[in-house]
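# Structural description and commentary
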Amino acid sequence: MFFLKRSADWGKAQAAMGKSKEILEERLDTFTTSSSGILVSPSSDQNGEQAKEEIERALLMVNFMGGRPWEVKLDSADNPHPWVITQANDLEALSDATRIAGEGLANAGVGSRVLAAVYPFVWKGIKIYWIYQPRIKVFTPFVPDNSEEGRDHPLELRMEKAIRSCLPTSRDVKQWFPVWGLPL
Amino acid sequence: MNRPRDLGRDTQLVTRMVITVILLGIVYGFFLWFLLSVAGAAFMLVFAIMLVLFQFMMSDRLVLTSMRAKVVSPDEAPELHQTVERLCAAAGIPKPKIAISEMQVPNAFATGRSQKHAAVAVTTGLLSILNKDQLEGVLAHEISHIATRDVQVMTYASFLSVVASTLMSLFFWSSMFGGMGRSRENGAHSYMMIAYLVTIMVWVLSQVLIAALSRYREYSADRGASQLTGRPMDLAAALHKISGSLTGLPKQDLRRAETLNAFFIMPAVGDGFARLFSTHPPMGRRIEKLQILDNELRGSR
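Residues numbered from 1 in each chain as written. Chains lettered and ligands numbered in written order. Predicted model: local features only at pLDDT ≥ 70, side-chain atom pairs only at ≥ 80, totals over all residues.

## Some words on the packing of helix 4 (residues 78-91) of chain B against helix 6 (residues 132-147) of chain B
All names here are of chain B. Spelled out, the test is: A fitted line through C-alpha atoms represents every axis, and for helices the fit uses only the stretch in contact; the resulting angles, taken between N-to-C directions, go from 0 to 180 degrees. Secondary structure counts use DSSP, requiring at least four H or I residues in a row for a helix and at least two E residues in a row for a strand, with both numbered from the N terminus. Here the word oblique covers every angle except those under 35 degrees (roughly parallel), over 145 (roughly antiparallel) and from 65 to 115 (roughly perpendicular). Handedness of each helix crossing follows the sense of rotation of the near helix against the far helix: counterclockwise by less than a right angle gives left-handed, clockwise gives right-handed. Any two residues are considered in contact once their C-beta atoms, placed from the backbone, lie within 7 Å. Amino acids outside the nonpolar list (Ala, Val, Leu, Ile, Met, Phe, Trp, Tyr, Cys, Pro) and the charged list (Asp, Glu, Lys, Arg) are all regarded as polar, and Gly is one of them.
Their axes nearest at 10 Å, the elements helix 4 and helix 6 cross at an angle of 45 degrees. By the criterion of interaxial angle, the relationship of helix 4 to helix 6 is oblique. Crossing geometry of helix 4 relative to helix 6 is assigned as right-handed. On helix 6, the residues that touch Thr83, Val84, Leu87, Cys88 and Ala91 of helix 4 are Leu135, Glu136, Leu139, Ala140, Ile143, Ser144 and Ala147. Residue composition of the contact of helix 4 with helix 6, grouped by class: 9 nonpolar, 2 polar and 1 charged.

So, in structure tokens, the structure goes:
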């Protein structure tokens, strides 16, 4: 089986997500939940609190730019892997916010610890997710089903097939990592 | 069960199958002409016909025995029987024998010389990894093979290839033990060498064409299964699991995986020449085609 490498770095990938709004919403009936998340890994010499403080400092600079149609904040839940939550009314603004928040984290030296940008959508009442993994620079689909840590793999396959023309996706299912317990 | 969804004919697939059969006919026609013009080859032809007929008549028993599959009653495997019964009713064929093979390798197959003497077998490995819908997809694929008489088609298609293979063995052993006219005049030796080369050429060509035909029949059975169940993506997911791809679908959370060296980009591995002899299409291509069928079905709903 051929796995073509189609990747995009952080900025281009988030921009691609913003531009796929039309296909996602009009052609695929997939609607943003108006939020996205950036999953950050703590540094090995940090505890949860220190990691959060470091990220909050980085986000201060991001939020300093006022007058934007979005909001970026640190998830307050006690979590060893902190989440940066972005909120905006439409997908383009949301992907902009995610791009800028990621760049802010990179400027603060946290960029290498960003594990994923997660975009939740709703399709026919089901929550589906696109996960951008910066280490491999591609989006992978994730659809948890009702069972414990179960996934709707046929739907994931359909998602990837439907969107691969406009998003950098991986066709290699070995890279389709789940992210359980999402705060989104 | 509802009436099967009408996906219509895949004209491209049918055209490819027809062209392959015509090419096979040309190769076989040449080979028959050649065999009948070589002294002694007519005897080989009769021997090969008997061998193939025996295999054909006994195919269900031979295959089930070789796969250590045991025919199970409705009491032993009620769900399996119910699913097959439903699918057969939809396909309009008699219910075949159902067998389970105690093998951990996930697989399923259909065998038998006719629709009335057919059998569908699944391995315990397959039953353990597929959910109900995915299993139905796989069974529908096998039922589709029976409905379109694929076992017979492939037997007829490979008939003269078996003859060529038998002749190749004969030529080989005869050359090992001083045959091929070496002890006789050089003319006879050359004559037999040509016969050997022609047989090898026919065998290789027929293998390529039979493999191509078999791949088209697989696509056709996938299409038939999609039509029977109306859910191509369940078969796609089952194929993923059977091929081992789904074992590669990570269960581990991304956060835990970061500590492992799990971020490999799979290299693009091509197997162009080997693919010529493969009887099954590449899994990715089959899944892509199933996705197209899924879109067609969704569009028709």
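## Brief notes about unusual backbone geometry
All names here are of chain A. Put simply, the test is: Counting other C-beta atoms within 10 Å of a residue's C-beta gives its exposure: the residue is buried at 20 or more, exposed at 12 or fewer, and partly exposed in between, where C-beta atoms are placed from the backbone.
Look at Lys124: it is not a glycine, yet its phi comes out positive at around 50 degrees. Mapped onto the secondary structure, Lys124 falls in the loop between strand 5 (114-123) and strand 6 (126-133). Classification of Lys124 by C-beta neighbours within 10 Å gives exposed; the count is 8.

## Side note on the confidence of the model for chain B
Residue and element names in this part refer to chain B. We apply this condition: Per-residue confidence from the predictor is given as pLDDT, running between 0 and 100.
Looking at chain B as a whole, its pLDDT mean stands at 79, while 81% of the residues score no less than 70. Confidence drops under a pLDDT of 50 for residues 259-271, and excluding neighbours within four residues, the segment shows 11 contacts in the predicted structure. Interface confidence for the predicted complex, given as ipTM, is 0.84, next to a pTM of 0.61.

## A short note on the packing of helix 5 (residues 153-163) of chain A against helix 9 (residues 232-242) of chain B
When two helices pack together, their arrangement is given by the angle between the helix axes and the distance between those axes. Packing of helix 5 of chain A against helix 9 of chain B brings their axes to within 9 Å, and their N-to-C directions diverge by 100 degrees. Classed by the angle they form, the pair helix 5 of chain A and helix 9 of chain B counts as roughly perpendicular. In contact with His153, Pro154, Leu157 and Arg158 of chain A of helix 5 of chain A, helix 9 of chain B contributes Met233, Asp234, Ala236, Ala237 and His240 of chain B. Per-class residue counts for the contact of helix 5 of chain A with helix 9 of chain B are 5 nonpolar, 2 polar and 2 charged.

## Remarks on the pairing of strand 6 of chain A
All names here are of chain A. For clarity, the threshold we go by: Only strands joined by at least two bridges in the DSSP assignment are considered to pair.
Buried residues dominate strand 6, accounting for 6 of its 8 residues. Bridge analysis of strand 5 against strand 6 gives 7 bridges, and the strand direction is antiparallel. Note that in strand 6 the partner of Pro120 across the bridge is Tyr129. Counted along the chain from strand 5 to the antiparallel partner strand 6, the turn is 2 residues long, and its residue Lys124 has a positive phi close to 50 degrees. With 5 bridges joining them, strand 6 and strand 7 (residues 138-142) adopt antiparallel strand pairing. Its bridge partner being in strand 7, Gln133 is matched across the sheet by Val138. Adjacent in sequence and paired antiparallel, strand 6 and strand 7 are bridged by 4 residues, among which Lys137 carries a positive phi angle near 60 degrees.

## Topic: the environment of Glu102 of chain B
Residue and element names in this part refer to chain B. In this fold, Glu102 is placed in the loop between strand 2 (97-101) and strand 3 (108-112). On the neighbour-count criterion, Glu102 (11 C-beta atoms within 10 Å) is exposed. The spacing of Glu102 and Ala69 is 33 residues in sequence and 6.7 Å in space, taken between C-alpha atoms. Residues contacting Glu102, with those up to four places away along its chain left out, are Arg68 and Thr124.

## Concerning the nonpolar core
Nonpolar side chains tend toward joint burial in soluble globular proteins. Inclusion rule: Put simply, a nonpolar core is buried Ala, Val, Leu, Ile, Met, Phe, Trp, Tyr and Cys residues tied into one set by C-beta atoms within 7 Å.
Membership of the largest hydrophobic core comes to 47 residues, with the highest contact counts inside it found for Val40, Ala116 and Ile131 of chain A. Per element, the largest residue contribution to this core is 7 residues, and it comes from strand 5 of chain A. Those residues in contact with Val40 of chain A that lie beyond four places of it in its chain are Ile55, His81, Pro82, Val84, Leu105, Val110, Arg113, Val114 and Leu115 of chain A. In this structure, Ala118, Leu135, Ala221 and Ala225 of chain B belong to the second largest nonpolar core, which totals 38 residues.

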